[in-house]
Every structure is written in C-alpha cells, then in structure tokens.
Amino acid sequence: MMNQYMENTNRALIHTYNRFPVVFDRGEGVCLYDTEGKKYLDFAAGIAVCGLGYGNPELTKAIKEQVDKLLHTSNLYYNTTCGNAAEALLKACEMDRIFFTNSGTEAIEGALKAARKYAWKKGTGRYEFIAMENSFHGRSMGALSVTEHEAYRAPFEPLIPGVKFAKFNDLESVRAQVTDKTCAIILEPIQGEGGINMADPEFMEGIRRLCDEEGILMICDEIQCGMGRTGKMFAWQYYGVKPDIMAMAKAIGSGVPVGAFAMTEGVAEYSLEPGDHGSTYGGNPLVCAAVEKTLEIFEKKKLTDHVVKIGSYLAEKLEELAEENEVVLERRGTGLIQGIRLSKPAGEVTAKALEEGLVIISARSDVIRLVPPLLIEKEQVDELLEKLKKVL
Ligand SMILES: *Cc1c(COP(=O)(O)O)cnc(C)c1O
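Residues numbered from 1 in each chain as written. Predicted model: local features only at pLDDT ≥ 70, side-chain atom pairs only at ≥ 80, totals over all residues. Heavy atoms only, no water.

Student: Could you give an account of the packing of helix H3 (residues 57-69) against helix H12 (residues 285-300), with specific residues and numbers?
Tutor: A packed helix pair is summarised by two numbers, namely the angle formed by the two axes and the spacing between the axes. With their axes 9 Å apart at the nearest point, H3 and H12 run at an angle of 160° to one another. Classified by the interaxial angle, the pair formed by H3 and H12 is roughly antiparallel. As for the relative orientation of H3 and H12, their crossing is right-handed in sense. Mapping the contact onto sequence places Glu58, Leu59, Ala62, Ile63, Gln66 and Val67 in H3 and Pro285, Leu286, Ala289, Ala290, Lys293, Thr294, Glu296, Ile297 and Lys300 in H12. Residues that form the contact of H3 with H12 fall into these classes: 9 nonpolar, 2 polar and 4 charged. (Axes fitted to C-alpha atoms, helices over the stretch in contact; angles between N-to-C directions. Helix = DSSP H or I, 4+ residues; strand = E, 2+ residues; numbered from the N terminus. Parallel < 35°, antiparallel > 145°, perpendicular 65-115°, else oblique. Left-handed = near helix turned anticlockwise from the far one by under 90°. Contact = heavy atoms within 4.5 Å. Nonpolar A, V, L, I, M, F, W, Y, C, P; charged D, E, K, R; others polar.)

And the structure:
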C-alpha cells in the first residue's frame, strides 16, 4: 500500500532506485520498525553500514554531544575529533596515513588518485589500473571505471582510460594484464555486490607478490568486507596480505556518512601533497566523533571475537539449509559477510522476506547477501533460518 512518504519520494526523487514498499521509521538493536509499527529482523544493516545495529546508547550520546558543540569547520582548521578518529582507524587498519571522505566512492577516487600521484612523483610513467571482473567500487566516473558491471557502465562511456579487467581468483589472468605502465591493482578481498565472492588466500598472496616484483601498488577496497565482518577488523588481516593503499567506508561511522582511504608511510612519502586533494566536509567534527566512538565500542565489546563465533554458527546453519533445500545451491563467505546462491531470482525472495518481517538484500541476480549488524546472537540466526525456510 502506498502512503504519503512513498508518494512524495516517488514524485520528487530521480528514479535511480526500485525501492521496496516499506517506510522504515526507527530501529532498535538489530531490528527495524516501519511506520505502521511492524517489526523486522534486519540482516542487511543498511548495506553493511550499521555494524552496531540501531540506537546504541553510547554512540547516540557521543553524536548528540558533538551536535551540541560543533558540526563543521572545514579542513582549513583543526578540530577536536578528526585526529582521534584518524589514529583509532589507523591502529585498526595498520596503516600510517589517512584521508577522510564522505562516502566509499570518494574513498576509491582518493585511492586511485593517490596511486597515480605516487607513480607521477616517482616518474615511472605508470598510469594503468587492473581491476577485477565482478567488482564494485562505486558510481562516480573514476570508481565506475574500475567497476566491472556492463549495465552500470554502458550509458556513461567513455570512462577513464587505462583500466584493464582480470578474472578474480585467477592470478595468470591478472599477470596477463600487467605492463610496464601498470600503476595499481585494485580488488575487494571479498566481493560484496558481485555476489559474496571470497578471494582465495593464494590469490591474495599472489597479487601481493606480483605487485612487489613489478613495482605495482596493491589497493584493497575494504568498504563492505572491512570493519569486523570477517572476524578481523579488515579483510586483508584475515588473509594476512597487506595492501599499500586501502579504502573503507560503510560501517566505520555506524551510519553517519563517512569514508576514508589510508596508505603506508612508503606510499605517503611520494603521494598526495597540499593542493592535490580535498573535501569540504571530509573528516568533519560530527562524523569523526562517530568514527572514534564506533572504534571504541568495537574494542570494548570485542566485536571481532563475537563475529568469529556467531559467523561460524551462521555458516553451519546455512550449510544445513543448502543441504535440505534444493533452491539453495551454495553458501558463500565468512563471518558476518555471507551469502547463499539460489536457483531462482534473489529479488523474489528478498521481497517475500520483507512481508515476513525479514530484511535481506540480494547481490547480483541470484545471491542473497547476509550482512547483519555485528551484534546478532544465535537466537536471531535461528529466527533468520526459520523465516528463510518459509520464504524459499
Ligand atoms: C558500497 C561500496 C562502495 C561505494 O560506497 P558508497 O558509500 O556507496 O559510495 C565501494 N566499494 C564497495 C566494495 C562497496 O561495497
């Protein structure tokens, strides 16, 4: 049933989304409530954003206090939260220098620019990027240029030149794209939008080796798979394969719009300098208060340990489901970034699930993606399975 909120949204906004017919009004814990008061179990977390679920009192308090004090100053001045948030994030991702953006897409843009600047300053003449098939890095012209999805790209071509695509988990196919002009290789350690495809450990190690041998930078897009989902703070740590530059966003601010790209000192030394890059909002007092508190809560609650435990329970239950139910062809992923590949369109299932009070999202046409708040417990996994069985 259409209500006033759906009607004015449909009337006013450019139609870039096919929205589900639900208006969410508030959230509590790991559940959402619509304007009719109906309760939903949430296994989407606003697309892997709300790692701490909804209404965390400590986070809410920190954000409210910052709202009362100061929202914004611009990057022409120092503020009281930016440096703290940066240090906390750098500690979590084991990098040395960071730049705050307002989204994941912008984090990718910055990462690509940082790699190009590095090559420029070193005078190597390198400018090409190698990206992966099935990748998703965002929708701006730069991020879209390294995103391999024909439908997303076609209307906007020509995109940025010098991008080549290789097969994910096929090192030889990557090697075949390397030239003396290759500047960086960019990949998601676990492809999210592409269907929850995990990199093989040998593939990650192989990319690192290839980059070292050829003088190429390795860029990891940790925007979806990072921030605790694998049971490590960032997915590269799960593999033990450290990139030179990484992009993050989504869960780092628990719902306030913030992203970042970070790099090692070795890259930073030759990369962006004053005047090379900027953002009016980037790293403003409000978002950085949220980032700082988010990381504090992650540490205090030992959330990554929880993800390891609850993630293996979820995997076990999904494996059982795949054995019992012929519609479920395969389970994918790890921790709290998992998926099931179906023999029927995932879109049908996500729509039906919503009627049953379950929020799930698809990835490509045949995968159900499960990226819940990291705080879910066994009883919620059981409830998910119960609802999934009914819907499938
Ligand atoms: C969501 C996402 C992006 C884009 O982030 P936005 O905040 O939507 O701009 C880029 N890369 C990956 C892997 C993502 O999941």
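Student: Describe the nonpolar core, and please don't skip the residues or the numbers.
Tutor: In terms of nonpolar packing, the biggest core is built from 101 residues, with Phe234, Ile360 and Leu384 touching the most fellow members. Apart from residues lying up to four places away in sequence, Phe234 is in contact with Leu89, Ala92, Cys93, Glu222, Gly226, Met227, Met246 and Met248. Listed in part, the 25 residues of the second largest apolar core include Ala111, Leu217, Ile219 and Ala247. (Core = buried A, V, L, I, M, F, W, Y, C linked by side-chain atoms within 4.5 Å. Buried < 20%, exposed > 50% of the residue type's maximum accessible area, 1.4 Å probe, protein only.)

Student: Explain the confidence of the model for the protein residue by residue, including any values.
Tutor: For the protein, per-residue confidence averages 97 on the pLDDT scale, and residues scoring 70 or more make up 100% of the total. Averaged over each element, pLDDT in the protein is lowest for helix H1 (residues 4-12) (95) and highest for strand S10 (residues 217-221) (99). (pLDDT = per-residue confidence, 0-100.)

Student: Help me get a handle on the environment of Cys50, residues and values and all.
Tutor: One can find Cys50 in the loop between helix H2 (45-48) and H3. Under the relative-accessibility criterion, Cys50 is labelled buried at 12%. In this structure the C-alpha to C-alpha distance between Cys50 and Ser254, which are 204 residues apart in sequence, comes to 4.8 Å. Excluding anything up to four places from it in sequence, Cys50 contacts Ala45, Ser254 and Pro373.

Student: An account of the site of the ligand is requested, with residue identities and associated values reported.
Tutor: Looking at the ligand, the residues that line it are Ser103, Gly104, Thr105, Phe136, His137, Gly138, Glu188, Asp221, Ile223, Gln224 and Lys250. The backbone of Phe136 places a nitrogen or oxygen atom 3.3 Å from a nitrogen atom of the ligand. One of the side-chain nitrogen or oxygen atoms of Lys250 is found 2.6 Å away from an oxygen atom of the ligand. In the complex, 82% of the free accessible area of the ligand, which totals 380 Å², lies under the protein chains. Split into classes, the residues belonging to the shell around the ligand amount to 2 nonpolar, 6 polar and 3 charged. (Near = heavy atom within 4 Å. Polar contact = N/O pair within 3.5 Å; in protein donor to acceptor, adjacent residues only side chain to side chain. Areas by Shrake-Rupley, 256 points an atom, 1.4 Å probe, with all protein chains shown as cover.)

Student: If you had to explain the pattern of salt bridges to someone new, which residues and values would you point to?
Tutor: Going through the model one piece at a time under the given rule, you end up with 22 salt bridges. A salt bridge links Glu330 to Arg332; its shortest N-O distance comes to 3.5 Å. Residue classification places Glu330 among the partly exposed residues on the basis of a relative accessible area of 28%. Overall, the relative accessible area of 17% leaves Arg332 in the buried class. Between Glu356 and Lys390 there is a salt bridge whose closest N-O contact spans 3.1 Å. Taken together, the residues Glu356 in the loop between helix H14 (346-355) and strand S15 (358-359) and Lys390 in helix H15 (residues 378-391) connect sequence positions 34 residues apart. By relative accessible area, which is 30% here, Glu356 ends up partly exposed. Under the relative-accessibility criterion, Lys390 is labelled exposed at 62%. In this structure, a network of salt bridges that share partners links the residues Lys117, Lys121, Glu273 and Asp276. (Salt bridge = Lys/Arg side-chain N within 4 Å of Asp/Glu carboxyl O.)

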